[in-house]
Structures are given as structure tokens and as C-alpha cells.
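# Coordinate analysis (summary)
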Amino acid sequence: MRKAGSESRLKRVVALGALLLLAGFAVAGPTGLLAWSENAAALDQREAEIAKLSAKRDALRNRVMLLDPEAADPDLASELVRDQLGVMREDEVVITLEDE
């Protein structure tokens, strides 16, 4: 009889230990309550990076459209030729602007 009582008690202790372990993971685990703020900050950082890259992609898409061989923008073509080949007339002045 005594053995059955101690076996039942052992089962309760093991079950309580398992519940405490699960509760610990729910609070302090990698996806627990304490990690939510870190995950939210990482999400905000990634969203800002995505917005920055999307703006850069849109700017490049616009530049590609302006360089379409069928109807290239003459100002952009002139700018690229001057930049790539270093061609300028004697009466021109070059003003350089720092890129961000």
C-alpha cells in the first residue's frame, strides 16, 4: 500500500516539474513573453530596412525606365556620358554634391 502512495506522489512531482518547465519556457523561452519586446524591435528594424530597400529599388526602376534604348532621357544620357567618360566643355563648371 505504501508503495502505491509513493508512486502516486512521484507522478505528481514529475507532472508539477513538467508544468513548471513549460511555464518557464512560456515566460523566458525564445518565443516567450520576455522575448516579445526583442522580436518587436527586430521586426521594426526589418520593416525600416525593407522600406529603405524598396525606395532604392523604385529609384533604380525609374532610372532603368529613363535609360530605355527606345526613348532614353537626353539629360540623363548626357549626365551618364559625362560622368563615365569625364567629358566636359571648356566653358562648363563642375559642382559636385556629396551623396547621402
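For the structure itself, look to the data block above.
Note that the structure is a prediction, hence the values are computed from the model and not measured. (Residues numbered from 1 in each chain as written. Predicted model: local features only at pLDDT ≥ 70, side-chain atom pairs only at ≥ 80, totals over all residues. Heavy atoms only, no water.)

### Points about the environment of Asp68
In this structure, Asp68 sits in the loop between α2 (36–66) and α3 (74–85). Since its relative accessible area comes to 33%, Asp68 is described here as partly exposed. Measuring from C-alpha to C-alpha, the distance between Asp68 and Phe25 comes to 57 Å, with 43 residues separating the pair along the chain. (Helix = DSSP H or I, 4+ residues; strand = E, 2+ residues; numbered from the N terminus. Buried < 20%, exposed > 50% of the residue type's maximum accessible area, 1.4 Å probe, protein only.)

### Structural notes on α3
The periodicity of an α-helix, 3.6 residues per turn, causes residues three or four positions apart to be oriented the same way. The end-to-end C-alpha distance of α3, which contains 12 residues, comes to 16 Å, matching closely the 16 Å that a straight helix rising 1.5 Å per residue would cover. In the stretch just after α3, Gly86 is the one whose phi turns positive, near 70°. (Expected span 1.5 Å × (residues − 1).)

### Notes on the pattern of salt bridges
A side chain with one charge may pair with a side chain of the opposite charge, provided their charged atoms come close. Overall, the coordinates contain 2 salt bridges when judged by the stated rule. With a shortest N-O distance of 3.6 Å, Asp58 and Arg61 are connected by a salt bridge. A residue pair is termed a helical-turn pair when its members lie 3 or 4 positions apart in one helix, as Asp58 and Arg61 do in helix α2 at 3 residues. (Salt bridge = Lys/Arg side-chain N within 4 Å of Asp/Glu carboxyl O.)

### Remarks on the environment of Leu22
Position of Leu22 among the secondary structure elements: in helix α1 (residues 2–28). Taking the C-alpha atoms as reference points, Leu22 and Gly86, 64 residues apart in sequence, are found 68 Å from one another.

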